[in-house]
Amino acid sequence: MRTLITASAHDLISRNCLQWACEAVPNLTTIALELHEDSSQMVVHVCDADGETIYGEERQKNCLTCATIEVAQILLERLTGDGPVLLLLPGGIELTLASAHLQEIIESPIHGLKNYRLACAVTAVDTQVALELLINHGNVEPVRDLLHTCRLDYQPSWEDDSDSDVVETLTNDLLYADQVVYTGDDAVGQLAIMDLAAGTEVGSWQQVDPRQWCLRTHDVEQALGRVNSERF
């Protein structure tokens, strides 16, 4: 079975550091997705031992989560080889929703992802961002008004089934993830991350070992249980 690591990041620094940390994984293919400025395409970055390829995939559905899952499925089906894959979601897409949908596709007999398994769900955030969102409450805008991941300087067209604001998106991802990766050195932000994600593993991007993520098996129901137990 081919291992699939699903990952989200909540700022540009942590997104980059997560990718740098994953360079330690042998034979890894990284698929990083972003939303194009005019919102009609997903920008795809595929990085493997042969280098990086960047191209666009047409967005076929209005719901951005649905469009992301559709594009991810197409790209995963196209991949050759059997090495591990890191799927890095675009800004604003919750790890919670993406992982659950991908698991459904993997388990479906009519789709072409039967040779994959969800190995680990990872989210990354900078400690200063966590401080502002979780402690200072500096931004409670809906995700559609601010694509917090990547901090885009343009306003994309946003349609999505989720109406979570950026704080809720970060909170859900921290609760859901099997591994939380943080960047930066803000002590209060780090404590906020560790307190909220007390039920999972937390580590700095320089200390985590992504090779171990490939050995794990993600349990969607257990991860959703962590989210729902805090929510209710």
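Going by the structure above, here's the rest.
Numbering of residues begins from 1 in every chain and follows the order in which that chain's sequence is written. pLDDT decides what is reported in this predicted model: residues at 70 or higher carry local features, side-chain atom pairs at 80 or more are listed and counted, and totals for whole chains, interfaces and linings draw on all residues regardless. Hydrogens and water molecules were not included; the side-chain quantities draw on all heavy atoms of the structure.

## Concerning the overall build of the protein
Right, so step 1: Going along the chain from the N terminus, every DSSP run of H or I of four or more residues is numbered as a helix, and every run of E of two or more is numbered as a strand. Secondary structure summary: the protein contains 8 helices and 8 strands in total.
Right, so step 2: A simple rule labels every residue: compare its accessible area, found with a 1.4 Å probe on the protein chains alone, to the largest value its type can have, and call it buried under 20%, exposed over 50%, or partly exposed in between. By the burial criterion, 55% of the 232 residues in the protein qualify as buried.
Right, so step 3: Note on contacts: a residue pair is in contact if any heavy atoms of the two residues lie within 4.5 Å. Restricting to contacts in the protein with at least 6 residues of sequence separation, those with at least 24 account for 70%.
Right, so step 4: Carbon and sulfur atoms make up 48% of the accessible area of the protein, which totals about 10600 Å². Throughout, the Shrake-Rupley method with a 1.4 Å probe supplies accessible areas, and for residues the shown protein chains are the sole cover considered.

## Topic: the packing of helix α3 (residues 95-107) against helix α5 (residues 166-176)
Right, so step 1: Helix axes are fitted to C-alpha atoms over the stretch in contact, other axes to C-alpha atoms as well, and angles between N-to-C directions run from 0 to 180 degrees. α5 packs onto α3 with a crossing angle of 50° between their chain directions and a minimal axis gap of 8 Å. The orientation of α3 with respect to α5, classified from their angle, is oblique. On the side of α3, the interface is formed by L95, T96, S99 and A100, while α5 contributes N172, D173 and Y176.
Right, so step 2: Any residue that is not Ala, Val, Leu, Ile, Met, Phe, Trp, Tyr, Cys, Pro, Asp, Glu, Lys or Arg is counted as polar, Gly included; the first ten are nonpolar and the last four charged. When the residues that make up the contact of α3 with α5 are grouped by side-chain class, the tally is 3 nonpolar, 3 polar and 1 charged. Put simply, angles under 35 degrees are roughly parallel, angles over 145 are roughly antiparallel, angles from 65 to 115 are roughly perpendicular, and the rest are oblique.

## Side note on the nonpolar core
Right, so step 1: The nonpolar core is taken to be a set of buried Ala, Val, Leu, Ile, Met, Phe, Trp, Tyr and Cys residues, with the residues joined through side-chain atoms within 4.5 Å. Membership of the largest hydrophobic core comes to 47 residues, with the highest contact counts inside it found for L4, I31, L33, L76, L87 and L174.
Right, so step 2: Setting aside anything within four residues of it in sequence, one finds I31 in contact with V44, H45, V46, L75, L76, L79, V85, L86, L87 and L88.
Right, so step 3: One finds A9, L28, A124 and V181 within the second-largest nonpolar core, a separate group that totals 17 residues.

## Quick word on the environment of V46
Right, so step 1: With respect to the helices, strands and loops of the structure, V46 is situated in strand β3 (residues 41-48).
Right, so step 2: By relative accessible area, which is 14% here, V46 ends up buried.
Right, so step 3: Measuring from C-alpha to C-alpha, the distance between V46 and I31 comes to 4.7 Å, with 15 residues separating the pair along the chain.
Right, so step 4: Beyond its immediate stretch of four places on either side in the chain, V46 contacts T29, T30, I31, G51, E52, T53 and Y55.

## A few points about the packing of helix α4 (residues 127-135) against α5
Right, so step 1: Contact geometry of α4 with α5 gives a least axis separation of 10 Å together with a crossing angle of 115°. When the axes of α4 and α5 are compared, the pair comes out roughly perpendicular. Once α4 is placed against α5, the crossing between them reads as left-handed. Contact residues: A130, L133 and L134 in α4; V166, V167, L170, T171 and L174 in α5.
Right, so step 2: For the contact of α4 with α5, the class distribution of residues is 7 nonpolar, 1 polar and no charged. What makes a crossing left-handed is the near helix being turned counterclockwise from the far one by less than a right angle; a clockwise turn instead makes it right-handed.

## Some words on the pattern of salt bridges
Side-chain pairs of opposite charge can arise where the charged atoms are in close proximity.
Right, so step 1: When a carboxyl oxygen of Asp or Glu lies within 4 Å of a side-chain nitrogen of Lys or Arg, that pair is called a salt bridge. On inspection of all chains with the given rule, the structure shows 5 salt bridges.
Right, so step 2: A salt bridge links R226 to D178, with the shortest nitrogen-to-oxygen separation between them at 3.6 Å. Of the two residues, R226 sits in helix α8 (residues 220-231) while D178 sits in the loop between α5 and β7 (179-183), which places them 48 residues apart along the sequence.
Right, so step 3: Given a relative accessible area of 9%, D178 falls into the buried group.
Right, so step 4: In this structure, R211 engages D209 in a salt bridge whose closest nitrogen and oxygen atoms are separated by 2.9 Å.

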